[in-house]
Amino acid sequence: MRTFHALLSERYWDASPIHGTEQGLTEEEATGLRSYLLFFCKMQALRRDGLLDLVGMDRMFGYRFFIAMHDRHVQRILRAEAGYLEQLYPLYNEWLTFRKKEGTIIPKGFLHI
């Protein structure tokens, strides 16, 4: 939850580097973001197996998902670990299409991979 609050507060959205590392993240912050992304990979697997649907996922996590996916540091992690996090790409595209069709707000930003 701490990772999401940092994303929501737009702490990561600042153009200037965050403490210390080359990518602007501490190792702890990068690990928190990876864990957050893996949560959505697991949700995609459950959805693919028919145990979750996009409507329910959107109600619970839609805004959070797009805040994370549109974050510049998350996008660096996605580029660096594309094979490991590959389930997020179809989920992102399907979820984006769903939100557009429903007329639901899509948090600012775009996925630039």
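Scoring rules and cut-offs
- Residues numbered from 1 in each chain as written.
- Predicted model: local features only at pLDDT ≥ 70, side-chain atom pairs only at ≥ 80, totals over all residues.
- Heavy atoms only, no water.
- Helix = DSSP H or I, 4+ residues; strand = E, 2+ residues; numbered from the N terminus.
- Expected span 1.5 Å × (residues − 1).
- Bend = angle between axes of the 7 residues up to and from the residue.
- Buried < 20%, exposed > 50% of the residue type's maximum accessible area, 1.4 Å probe, protein only.
- Axes fitted to C-alpha atoms, helices over the stretch in contact; angles between N-to-C directions.
- Parallel < 35°, antiparallel > 145°, perpendicular 65-115°, else oblique.
- Left-handed = near helix turned anticlockwise from the far one by under 90°.
- Contact = heavy atoms within 4.5 Å.
- Nonpolar A, V, L, I, M, F, W, Y, C, P; charged D, E, K, R; others polar.
- Polar contact = N/O pair within 3.5 Å; in protein donor to acceptor, adjacent residues only side chain to side chain.
- Salt bridge = Lys/Arg side-chain N within 4 Å of Asp/Glu carboxyl O.

Engineer: What's the story with the environment of E86 in this structure? I'm lost.
Structural biologist: Considering the arrangement of structural elements, one finds E86 in the loop between α4 (72-80) and α5 (88-102). C-alpha of E86 to C-alpha of C41: the two residues are 45 residues apart in sequence and 8.3 Å apart in space.

Engineer: Help me out: how do you make sense of helix α3 (residues 54-69) in this one?
Structural biologist: Helical geometry note: an α-helix holds 3.6 residues per turn, so side chains three or four residues apart project in the same direction. A rise of 1.5 Å per residue sets the reference length of α3, with its 16 residues, at 22 Å; its end C-alpha atoms lie only 16 Å apart and thus fall more than 12% short of the reference. Residue F61 marks the point of greatest curvature in α3, where the axis turns by about 75°. Within the span of α3, buried status applies to L54, M57, D58, G62, F65, F66, I67, A68 and M69.

Engineer: How should the packing of α3 against α5 be read in this particular structure?
Structural biologist: The geometry of a pair of packed helices is captured by two quantities: the angle between their axes and the separation between those axes. Across the interface, α3 lies against α5 with an axial gap of 11 Å and an inter-helix angle of 110°. With respect to their mutual orientation, α3 and α5 come out roughly perpendicular. Judged by the sense of rotation from one axis to the other, the crossing of α3 with α5 is left-handed. Every residue of α5 that contacts α3 at L54, V55, M57, D58, F61, G62, Y63, F65, F66 and M69 is listed here: L88, L91, Y92, E94, W95, L96, F98 and R99. Its residues assigned to classes, the contact of α3 with α5 comprises 14 nonpolar, 1 polar and 3 charged.

Engineer: I would appreciate a short explanation of α4 in the present structure.
Structural biologist: Within α4, burial applies to H73, V74, Q75, I77 and L78. For α4, the elements touching its buried residues are α2 (27-48), α3 and α5. Where α4 begins, the side chain of D71 points an oxygen toward the backbone nitrogen of H73, at a separation of 2.9 Å.

Engineer: What is the right way to read the packing of α2 against α4 from this model?
Structural biologist: The contact between α2 and α4 brings their axes to 10 Å, and the two run at 75°. Relative to α4, the element α2 lies roughly perpendicular. In this structure, α2 contributes A30, L33, R34 and L37 to the contact, and α4 contributes H73, V74, I77 and L78. A breakdown of the residues in the contact of α2 with α4 according to their chemical character gives 6 nonpolar, 1 polar and 1 charged.

Engineer: Even after reading the chapter, I still don't get the pattern of salt bridges, so can you show me in this structure?
Structural biologist: Where side chains of opposite charge bring their charged atoms close, a pairing between them can arise. The final tally for this structure, using the stated rule, is 4 salt bridges. One salt bridge in this structure joins R34 and E27, with 3.7 Å as the shortest N-O distance. Judged by its relative accessible area of 24%, R34 is partly exposed. Among the charged side chains, a salt-bridge network with shared partners connects E27, R34 and E81.

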